[in-house]
Amino acid sequence: MKPTLYLETTIPSYYVSRPSRDIVVLAHQEITREWWERRLPLFKAYVSPVVIEEAGRGDPDQARKRLKAVDAFPILAATPQVEDLADLYMKKLGIPAQAIRDAAHLAFACGYRMEYVVTWNCAHIANAEIRRGLMALNATVGIGTPIICTPEELMGREEP
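Attention shifts here to the overall build of the protein. Helices and strands together make up the secondary structure of the protein, namely 7 helices and 4 strands. Reading the helices (α) and strands (β) of the protein from amino to carboxyl end gives β-α-α-β-α-α-α-α-β-α-β. Relative to the compact-globule value of 15 Å for 160 residues, the protein shows a C-alpha radius of gyration of 15 Å, a close match. Residues classed as buried in the protein amount to 48% of the 160 residues present. Within the protein, counting contacts between residues at least 6 apart in sequence, those at least 24 apart form 73% of the total.

Here we take up the pattern of salt bridges. Tallying each qualifying case throughout the model produces 7 salt bridges. When the shortest N-O distance is used, the salt bridge between Glu53 and Arg57 registers 2.8 Å. Among the residues examined, Glu53 registers a relative accessible area of 34% and is labelled partly exposed. For Arg64, the salt bridge goes to Asp61, with nearest N and O atoms at 2.7 Å. Here the residue Arg64 and the residue Asp61 both occupy positions in helix 4 (residues 60-70), the gap between them amounting to 3 residues, near one helical turn. On the basis of relative accessibility, which here comes to 31%, the residue Asp61 falls in the partly exposed class. It is possible to trace a salt-bridge network through shared partners that takes in Glu53, Arg57 and Arg101.

Take the side chain of Thr150 next. With respect to the helices and strands, Thr150 occurs in the segment after strand 4 (147-149). For Thr150, a relative accessible area of 8% puts it in the buried group.

What follows deals with unusual backbone geometry. Of note, the phi angle at Arg113 is positive, near 55°, even though the residue is not glycine. By the secondary structure assignment, Arg113 is in the loop between helix 6 (100-111) and strand 3 (116-118).

The subject of this paragraph is the packing of aromatic side chains. The relative placement of two aromatic rings is captured by the distance of their centres and the angle of their planes. Taken as a whole, this structure holds 4 aromatic pairs when the rule is applied. Plain terms: the ring middles of Tyr15 and Trp36 are 4.1 Å apart, the flat faces sit at 10° to each other, and that makes the pair stacked. Of this pair, Tyr15 sits in helix 1 (residues 10-16) while Trp36 is found in helix 2 (residues 23-38), placing the two residues 21 residues apart along the sequence. Overall, Tyr15 belongs to the partly exposed group, its relative accessible area being 21%. The buried category is assigned to Trp36, whose relative accessible area is 10%. Among the aromatic residues, those joined into a cluster by ring pairs are Tyr15, Trp36 and Phe73.

Quick notes on the rules
- Residues numbered from 1 in each chain as written.
- Predicted model: local features only at pLDDT ≥ 70, side-chain atom pairs only at ≥ 80, totals over all residues.
- Heavy atoms only, no water.
- Helix = DSSP H or I, 4+ residues; strand = E, 2+ residues; numbered from the N terminus.
- Rg over C-alpha atoms; globule rule 2.2 N^0.38 Å.
- Buried < 20%, exposed > 50% of the residue type's maximum accessible area, 1.4 Å probe, protein only.
- Contact = heavy atoms within 4.5 Å.
- Salt bridge = Lys/Arg side-chain N within 4 Å of Asp/Glu carboxyl O.
- Phe/Tyr/Trp six-rings, centres within 6.5 Å; stacked < 30°, edge-to-face > 60°.

Okay, here's the thing in structure tokens:
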């Protein structure tokens, strides 16, 4: 059985976006495209209504591309447990109010017991301090914490 993976919005955004003039962002875009084509098929990927809502924002052409990119993935349902987890994460992890969707991404991934969260959001998701707090908090409520990583970290092992 394929490992489960929660696909946070930055991933389809980087996958379909126009090449950036920022060299770091451009590198992330290229890594994301390679990962999407080569590694993503090895996982059972899921998105949430939050991903769909975020992907649909902004430039209409880019929004259409993002929504098309995630169209094939199952959408996890918002449940009272997910909402309660998002509230808990907002209160206990120091996530700022304007980043409530980041807490929701974590809540979907943890509430549905995903094995991985893939993101380029290193401010509030793939952040060592957030991960540490999330692991401790999830332990107190009796749920596991997925491995939170970037596509680069989930590129796989090199073949000998």
